[in-house]
Amino acid sequence: MTPSRAAFAAILGKDLRSELRTLQSLPAMALFSITTFVIFRFGLDRTHLSGSLAAGVLWATLLFAAVLGINRLFVTEREEGGFDAIRLAPIDRSVLFSAKVAALMIYLLALELIAVPIFALFFLGSGAALAPLVSVLLLADFGLAATGTLISSMAVNSRARDLLVPLVLLPLVVPLMIAATGATEPLLVLGGPGYHRFGTWLMVLGLYDLIFGLVGYAVFDFLLED
Amino acid sequence: MYGKGLKPLSIATVALLAIGLSLVFFYAPIETDQGIIQKIFYLHVPLAIVSLVGFVIGGVFAIAHLRSGNSRWDAYSYVSIHISVIFGVAVLITGGIWAKASWGHWWVWNEPTLVSFLIVFLLYCTYYPFRYAIEDRDQQARYASVFAVTAGAFVPLNFMAVRMAQSLVHPRVFATANGGLPGSMMLTFLCCIAAIALLWTTLVKFELAAKSASGQVKRLRRVLDAPTGAPASRVAPEVS
């Protein structure tokens, strides 16, 4: 194993282990998404959703639940001196970025493993759309993880920590949400999943992932300098 | 040192703006379809183009700051974004006026160019609270630069995503196959865009000169050990 890969595995393992032991983010994210679905149920006063309304409810809920996790992503690093340890360690600092993106990605996938079936149970007649939805979720999660990690690492060192993440992150992920809802909408229309412009939207998601993955990787070094 | 060349630049800006506006009102023909309201485009479109380019320029200055560590580039980046945000307000207002006259609504949601501009504008509005929230000056400069680079990459991507999402209602004058502008309109438009670009440059230079002057005053006060008059701004970068 190369040193970077060992460091990546160590940081990722540390994050997952501490999350498993403390259960700080994931249960809150899952609970938040379920409560939001219930609120949408009464706010919209519908028992069934389809098309763009269903896609909007799903993605708005997932996004706000993700913000909860993104807020907590670097809190232990800051409070327990993890940033100093990374600075002292003889490793490439971008490794912290990739490890955190991976950790956030795993949180989001775990969240969706709980939230999406519940969404289908609450609002959708059948689960036929869930299989093609996985590709949309994977691509959108990566983009959300990349931008979220970047913004979270900046916000955690500022005074207005929890305020800054939603403030800066939401406009930044608007294109991602446009593409994700655009791809999800035909999948959730009444009468089975359709694939109108599905591939185009997946390509936009992929492009977003690529650009913000590279930008995050390139600029993350500067955030750790002291 | 930022004040150098400010006077001829200002004079050139005023002259070009005057030429551009007189061309708009006395030379360019009145568009048959929309009438006099179309003339707001000579202001609206250059403002939009210049402010978007200004955002990207702010990102380029931020890259220069991150590469060199020279806080002067951070000041450039901050002022570029600042002036572009102000231009952005003007873009939204002039666009609204035109939309009200032409479409009957102040704002149209299914119009990609409006929405994407609004998203970019909102993102850059968060630049100020973001900067303000970080206390340490070096860290603030670095983080603001990272933000400017990320947001600079976001500008073209956002336009692509929003444009794909919706219909095309916004007039796309240069993109049509057999459209294009008549010569007199094109000349006026180019003159206006040059004038607005020059206005942007002048305002950026003015802002930098003002910031550098107040920084110098503060430094001199500190040397004289006199109490500073106004409290130091935590938002604005210190320009040396």
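This text goes with the structure placed above it.
Thresholds, definitions, all that
- Residues numbered from 1 in each chain as written.
- Chains lettered and ligands numbered in written order.
- Predicted model: local features only at pLDDT ≥ 70, side-chain atom pairs only at ≥ 80, totals over all residues.
- Heavy atoms only, no water.
- Helix = DSSP H or I, 4+ residues; strand = E, 2+ residues; numbered from the N terminus.
- Rg over C-alpha atoms; globule rule 2.2 N^0.38 Å.
- Buried < 20%, exposed > 50% of the residue type's maximum accessible area, 1.4 Å probe, protein only.
- Contact = heavy atoms within 4.5 Å.
- Areas by Shrake-Rupley, 256 points an atom, 1.4 Å probe, with all protein chains shown as cover.
- Lys, Arg positive; Asp, Glu negative; His and termini not counted.
- Charge placed at Lys NZ, Arg CZ, Asp CG, Glu CD.
- Buried area = accessible area lost by both parts, 1.4 Å probe.
- Salt bridge = Lys/Arg side-chain N within 4 Å of Asp/Glu carboxyl O.
- Polar contact = N/O pair within 3.5 Å; in protein donor to acceptor, adjacent residues only side chain to side chain.
- Nonpolar A, V, L, I, M, F, W, Y, C, P; charged D, E, K, R; others polar.
- Phe/Tyr/Trp six-rings, centres within 6.5 Å; stacked < 30°, edge-to-face > 60°.
- Lys NZ or Arg CZ within 6 Å of the ring centre and 35° of its normal.
- Expected span 1.5 Å × (residues − 1).
- Axes fitted to C-alpha atoms, helices over the stretch in contact; angles between N-to-C directions.
- Parallel < 35°, antiparallel > 145°, perpendicular 65-115°, else oblique.
- Left-handed = near helix turned anticlockwise from the far one by under 90°.

Peer 1: I tried to follow the overall build of chain A on my own but got confused; where do I start?
Peer 2: Along its length, chain A carries 10 helices and 0 strands. Helices and strands appear in chain A in the N-to-C order α-α-α-α-α-α-α-α-α-α. Since a compact globule built from 226 residues should have a radius of gyration of about 17 Å, the 18 Å found for chain A is in line with a globular shape. Here chain A, with 226 residues, has 51% of them falling under the buried criterion. In chain A, the proportion of contacts linking residues at least 24 apart, taken out of those at least 6 apart, comes to 83%. For chain A, the exposed surface amounts to about 9700 Å²; the carbon and sulfur share of it is 67%. Of the charged side chains in chain A, 14 are positive and 16 negative; the average position of the first set lies 2 Å away from that of the second.

Peer 1: Help me understand the interface of chain B and chain A in this model?
Peer 2: Often the size quoted for an interface is simply the accessible area lost on bringing the parts together. Opposite the 27 residues of chain B that make contact, chain A presents 29 residues. Both faces considered, chain B and chain A share a buried interface measuring about 2700 Å² in area, 78% of it formed by carbon and sulfur atoms. Together, Tyr143(B), Leu157(B) and Met164(B) form the three largest contributors to the area buried by chain B at its contact with chain A, with a combined 22%. Here chain B is connected to chain A by 1 salt bridge. We note a salt bridge from Arg159(A) to Glu135(B), for which the minimum N-O separation is 3.0 Å. At the boundary of chain B and chain A, one finds 6 residue pairs in polar contact (both at pLDDT 80 or more). The greatest single-element share of the side of chain B that touches chain A, amounting to 16 residues, is contributed by helix H6 (residues 137-165) of chain B. The class makeup of the residues in the side of chain B that touches chain A is 20 nonpolar, 4 polar and 3 charged.

Peer 1: Quick question: what am I supposed to make of the environment of Ile34(A) here?
Peer 2: Residue and element names in this part refer to chain A. On the secondary structure map, isoleucine 34 appears in helix H2 (residues 26-44). Overall, the relative accessible area of 24% leaves isoleucine 34 in the partly exposed class. In this structure, the C-alpha to C-alpha distance between isoleucine 34 and valine 204, residues 170 residues apart in sequence, is 29 Å.

Peer 1: How do you make sense of the side chain of Ser153(A) when you look at a structure like this?
Peer 2: Relative to the assigned elements, Ser153(A) resides in helix H7 (residues 130-155). With relative accessibility at 2%, the residue Ser153(A) sits in the buried group. At 2.8 Å, the side chain of Ser153(A) forms a polar contact with the backbone oxygen of Leu150(A). Excluding residues that lie within four positions of it along the chain, Ser153(A) makes contacts with Phe74(A), Phe220(A), Leu223(A) and Tyr143(B).

Peer 1: Mind showing me how you'd approach the pattern of salt bridges here?
Peer 2: Here the idea is simple: oppositely charged side chains can pair when their charged atoms come close. Residue and element names in this part refer to chain A. This structure, assessed with the given rule, holds 9 salt bridges over all chains. For lysine 100, the salt bridge identified is with glutamate 77, shortest N-O distance 3.0 Å. You can see lysine 100 sitting in helix H6 (residues 94-123) and its partner glutamate 77 sitting in helix H4 (residues 75-79), a full 23 residues away along the chain. The class of lysine 100 is buried, set by a relative accessible area of 0%. Through salt bridges with shared partners, a single ionic network connects Lys14, Asp15, Glu77 and Lys100.

Peer 1: Any chance you could explain the side chain of Thr150(B) here in plain terms?
Peer 2: Tracing the sequence through the fold places Thr150(B) in helix H6. Once residues lying within four places of it in the same chain are set aside, the contact partners of Thr150(B) are Leu150(A), Leu172(A), Phe212(A) and Val215(A).

Peer 1: What's the story with the packing of aromatic side chains in this structure? I'm lost.
Peer 2: Aromatic ring pairs are defined here through the distance separating the ring centres and the angle between the ring planes. Using the criterion set out here, one finds 20 aromatic pairs over all chains in the structure. Ring geometry for Phe119(A) versus Phe123(A): centroids 5.6 Å apart, planes at 55 degrees, classification tilted. With Phe119(A) and Phe123(A) both in helix H6, this residue pair falls 4 residues apart, about one helical turn. The pair Phe119(A) / Phe123(A) is uniform in exposure class, with both members buried. Each ring, one from Phe61(B) and one from Trp73(B), has its centre 5.7 Å from the other, and the planes form 20 degrees; the classification is stacked. With Phe61(B) in helix H2 (residues 41-68) and Trp73(B) in helix H3 (residues 71-102), this residue pair connects regions lying 12 residues apart in the sequence. Here the aromatic cluster, defined as three or more aromatic residues joined through ring pairs, consists of Phe55(B), Tyr78(B), Tyr124(B), Tyr127(B), Tyr128(B), Phe130(B) and Phe147(B). Residue placement shows Arg41(A) over the ring face of Phe42(A); its charged tip is 5.0 Å from the ring centre.

Peer 1: Help me understand helix H4 (residues 112-125) of chain B, please; the structure alone is not making it clear to me.
Peer 2: Helical geometry note: an α-helix holds 3.6 residues per turn, so side chains three or four residues apart project in the same direction. All names here are of chain B. In a regular helix each residue adds 1.5 Å, so 14 residues correspond to 20 Å; H4 covers 20 Å between its end C-alpha atoms and thus fits that length. The buried fraction of H4 is high, at 12 of 14 residues. Listed in full, the buried residues belonging to H4 are Pro112, Thr113, Leu114, Val115, Ser116, Phe117, Leu118, Ile119, Val120, Phe121, Leu123 and Tyr124.

Peer 1: Any chance you could explain the packing of H3(B) against helix H7 (residues 183-224) of chain B here in plain terms?
Peer 2: Helix packing for two helices is described by the angle between their axes and how far apart those axes are. Residues and elements named next belong to chain B. Direction vectors running N to C along H3 and H7 enclose 130 degrees, while the axes themselves pass 9 Å from each other. Classified by the angle their axes make, H3 and H7 are oblique. The handedness of the crossing between H3 and H7 is right-handed. Contacts between H3 and H7 involve Ala75, Tyr76, Tyr78, Val79, Ser80, His82, Ile83, Ser84 and Phe87 from the first element and Ile196, Leu199, Trp200, Leu203, Val204, Glu207, Leu208 and Lys211 from the second. A class-by-class count of the residues in the contact of H3 with H7 yields 12 nonpolar, 3 polar and 2 charged.

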